[in-house]
Amino acid sequence: MKLFNTQTGQKETFTPIEPGKVKMYACGPTVYDYIHVGNARPVILFDVLRRYMEWRGYDVTFVQNFTDVDDKIINRANEEGVSCDTITERFIREYYTDAKGLGVRPATIHPKATEHIDGMIAATQTLIDKGYAYALGEGDVYYRTAAFADYGKLSGQSLDDLKAGARVDVDTGKENPMDFALWKSAKPGEPSWPSPWGEGRPGWHIECSVMASELLGKTIDIHAGGQDLTFPHHENEVAQSEALNGCTFAHYWLHNGFLSIDNKKMSKSLGNFFTVRDAAEAYGYDAIRMFMLMSHYRSPLNYSGEILVQSKAGLERLYTAVENLEFLSKHATTTELTVEEQTLLDSLTTYKTRFIEAMDDDFNTADGIAVIFEMIREINGATAAEKTLSQPFVEGCLAAIRELTDILGLLYAMPNQADDLDTQGEALIAARQEARANKNWAESDRIRDELKDMGILLEDTPQGIKWKKA
Ligand code: AMP
Ligand code: ZN
């Protein structure tokens, strides 16, 4: 499998540190509000990368943190007159609701920054001891970027260039404008922890360095996040972790492209955002997931109502194909696979091969989905005619679709009609069949109406009665 590594600017063959195992870290949301559709992009994409690697046989440990100490959280808590914990607990809950709705599996571990404060203090002290950090009189500790020779290597910039472009904060007392806070002294009313430098709280970057090393180890396989995190967040994580541990922090750096509206990055600060909750209400969570996977993770992606409607329509085609096959399987009258059917089933493996090729080529879900749709077109063609199909054939088609769609997590929201249909509905359908067999059309129509009132629509087809939830 090849992955595009931001650090080298190239697609590289993925080789794990430990054979068969993947240690992966993704920067998660700051929990001060509902996540917006832009935030959902990395959440969905890296869920799929993890699923794909698991399907390829890797044992994946996936850590995605919650940043639960931050100015934005403090501001919101002050606005609402509640504690920071009240805000973070609420929005962690809301995050899980959205993630579940989007078909995103929980990470192996979802650490909160505030659970690792001791480690952050220890890391900051070690950086000071090693000469990579300095404390100022007010209780702030800064990372000394000039001490880390490789500073800028992830984002491909030199410290001198960065310095030239930096805004100089005259009153911080920093040695270099690029130096960043490892520990911030507490202001009144802010959450704080005791430390050798007085009451304070950690800077954002040290959180991820510490959580990654405590939960995954000093060197990890994959570090992921949105493109905006490359600099300064991930650059600073590299500087901290490598100075601390004296080894490479992450072998592969993966960054998703921006989700935009009218070609502007969707962000809270610009106010041009839709929450996942609102978008899901309008188009369905499953449509959002489909939309994200229909383009390559590194491409820019423009959000619009139309594209969500199109994504939903694509998904519906998938659902319909599966529903038809489920129906055909239930009503198949033969278990004998014909030679023709066997040939077709064999040919479906070429789609799987092509799907793997797409996913192995820097995790190209867009091409992967295109292959799935080609396969569905062929299956639809083979099952459309009013001929008798054997059950193993229909099941084989279903299995081929399910195997690939499960990797992308596409069918999770498909209404499982067979499970939903309660016994009363089943009994009514049976009664209507009997009425029809007796040519009792009035009774048959009455039952059809009764089912309609229950939200079940019937369709008479050559293969028998099909039903749908209205
Ligand atoms: P934040 O809560 O702003 O730190 O963002 C959480 C995650 O969402 C990070 O990985 C960001 O890079 C990512 N993110 C934020 N906005 C966008 C966007 N418009 N498009 C893609 N990813 C985004
Ligand atoms: Zn991070």
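Residues numbered from 1 in each chain as written. Chains lettered and ligands numbered in written order. Predicted model: local features only at pLDDT ≥ 70, side-chain atom pairs only at ≥ 80, totals over all residues. Heavy atoms only, no water.

This paragraph deals with the coordination of the zinc ion (ligand 2). Six octahedrally arranged donors around a metal ideally form angles of 90 or 180 degrees; four tetrahedrally arranged donors ideally form angles of 109.5 degrees. Coordination of the zinc ion (ligand 2) by the protein is provided by Cys 27 (SG), Cys 208 (SG), His 233 (NE2) and Glu 237 (OE), with metal-donor distances spanning 2.0 to 2.8 Å. Coordination at the zinc ion (ligand 2) is irregular, judged from the four donor atoms that bind it and the angles of 70 to 128° they form at the metal. Read from N- to C-terminus, the donor residues coordinating the zinc ion (ligand 2) fall into the pattern C-x180-C-x24-H-x3-E. Linking His 233 with Glu 237, this pair stays in helix H7 (residues 230-245), spanning four residues, or about one helical turn. Both residues of the pair, His 233 and Glu 237, belong to the buried class. (Donors = N, O, S within 2.8 Å, 3.2 Å for Na, K, Ca; no water. Tetrahedral: all angles 85-135°; square planar, octahedral: opposite > 155°, others 65-115°. Helix = DSSP H or I, 4+ residues; strand = E, 2+ residues; numbered from the N terminus. Buried < 20%, exposed > 50% of the residue type's maximum accessible area, 1.4 Å probe, protein only.)

Read across the sheet, four strands follow the order E5-E6-E7-E8 without closing on themselves; strand pairing throughout is antiparallel. Every interior strand has two partners, whereas the edge strands, strand E5 (133-135) and strand E8 (200-202), have only one. Put simply, the sheet's adjacent strands are angled 20° from each other on average, direction ignored. Where strand E7 (residues 181-185) lies against E8, three bridges are found, and the strand directions are antiparallel. (Pairing = 2+ DSSP bridges. Axes fitted to C-alpha atoms, helices over the stretch in contact; angles between N-to-C directions.)

Locating Asn 236 in the fold gives a position in helix H7. When neighbours within four sequence positions are excluded, Asn 236 is seen to be in contact with Tyr 151, Phe 180 and His 205. (Contact = heavy atoms within 4.5 Å.)

Let's shift gears to the nonpolar core. Leu 49, Ile 222 and Ile 288 are the most contacted members of the largest nonpolar core, which totals 90 residues. A per-element tally of this core places helix H1 (residues 37-55) first, with 10 residues. (Core = buried A, V, L, I, M, F, W, Y, C linked by side-chain atoms within 4.5 Å.)

What follows deals with the site of ligand 1. Close to ligand 1 lie 17 residues, the nearest being Gly 38, Gly 226, Asp 228, Leu 259 and Met 266. Within the side chain of Asp 228, one N or O atom sits 2.4 Å away from an oxygen atom of ligand 1. At 2.8 Å, a backbone N or O of Met 266 approaches a nitrogen atom of ligand 1. Residue assignment for the shell around ligand 1 shows that the elements contributing at least two residues are H1 and strand E9 (220-226). A per-element tally of the shell around ligand 1 places H1 first, with three residues. Tallied by class, the residues present in the shell around ligand 1 amount to seven nonpolar, eight polar and two charged. (Near = heavy atom within 4 Å. Polar contact = N/O pair within 3.5 Å; in protein donor to acceptor, adjacent residues only side chain to side chain. Nonpolar A, V, L, I, M, F, W, Y, C, P; charged D, E, K, R; others polar.)

Now for the pairing of strand E2 (residues 10-13). Consecutive residues of a regular strand have side chains that alternate between opposite faces of the sheet. Sheet topology note: the strand E1 (residues 2-5)/E2 ladder contains four bridges and is antiparallel. Within E2, the position partnered with Leu 3 by the bridge is Glu 12.

Next up on the list: helix H13 (residues 391-408). Counted at 1.5 Å a residue, the expected span for H13 with its 18 residues is 26 Å, and the 26 Å between its end C-alpha atoms agrees. Among the residues of H13, Phe 393, Val 394, Cys 397, Leu 398, Ala 400, Ile 401, Leu 404, Thr 405, Ile 407 and Leu 408 are the ones counted as buried. For H13, the secondary structure elements touched by its buried residues are H1, helix H9 (285-293), helix H10 (305-330), helix H11 (339-360) and helix H12 (365-384). Gly 409 lies just past H13 and shows a positive phi near 65°. (Expected span 1.5 Å × (residues − 1).)

Right, let's talk about the side chain of His 110 for a bit. Position of His 110 among the secondary structure elements: in the loop between helix H3 (84-101) and helix H4 (117-129). Since its relative accessible area comes to 16%, His 110 is described here as buried. A polar atom in the side chain of His 110 sits 3.1 Å from the backbone oxygen of Gln 64. For His 110, the side chain forms a polar contact with the main-chain nitrogen of Ala 107, separated by 3.0 Å. Setting aside residues up to four positions removed in sequence, His 110 forms contacts with Gln 64, Phe 66, Tyr 95 and Tyr 96.

Take the pattern of salt bridges next. Pairs may arise between side chains of opposite charge once their charged atoms sit close together. Using the criterion set out here, one finds 25 salt bridges in the structure. When the shortest N-O distance is used, the salt bridge between Arg 56 and Asp 360 registers 2.5 Å. Taken together, the positions of Arg 56 in the loop between H1 and strand E4 (59-64) and Asp 360 in helix H11 put the pair 304 residues apart, joining distant regions of the chain. Given a relative accessible area of 39%, Arg 56 falls into the partly exposed group. A salt bridge links Arg 354 to Glu 374; the shortest N-O distance between them is 2.9 Å. Placement of the pair is Arg 354 in helix H11 and Glu 374 in helix H12, with a sequence separation of 20 residues. We classify Arg 354 as partly exposed; its relative accessible area is 33%. It is possible to trace a salt-bridge network through shared partners that takes in Asp 33, Arg 76, Glu 80 and Arg 90. (Salt bridge = Lys/Arg side-chain N within 4 Å of Asp/Glu carboxyl O.)

The strands making up a sheet associate through hydrogen bonds between their backbones, and the pairing can be parallel or antiparallel. Here three strands make up an open sheet; going across it, the order is E12-E11-E13 and the pairing mixed. Edge positions in the open sheet fall to strand E12 (264-265) and strand E13 (301-302), since each of these has one partner strand only. Relative to E12, strand E11 (residues 259-261) runs antiparallel, the two sharing two bridges. Bridging from a neighbouring strand, Ser 260 pairs with Lys 265 of E12.

Relative to each other, H11 and H13 sit at 5°, their axes nearing to 10 Å. Relative to H13, the element H11 lies roughly parallel. Across from Glu 341, Leu 344, Leu 345, Leu 348, Tyr 351, Lys 352, Phe 355 and Met 359 in H11, the residues of H13 making contact are Pro 392, Phe 393, Gly 396, Cys 397, Ala 400, Glu 403, Leu 404, Ile 407 and Leu 408. By residue class, the composition of the contact of H11 with H13 is 13 nonpolar, one polar and three charged. (Parallel < 35°, antiparallel > 145°, perpendicular 65-115°, else oblique.)

Here we take up the environment of Tyr 32. By secondary structure assignment, the location of Tyr 32 is in the loop between strand E3 (21-26) and H1. Sequence-wise, Tyr 32 and Arg 76 are 44 residues apart; in three dimensions their C-alpha atoms are separated by 6.9 Å. Not counting chain neighbours up to four residues away, the residues in contact with Tyr 32 comprise Lys 72, Ile 73, Arg 76, Ile 87, Phe 91 and Lys 268.

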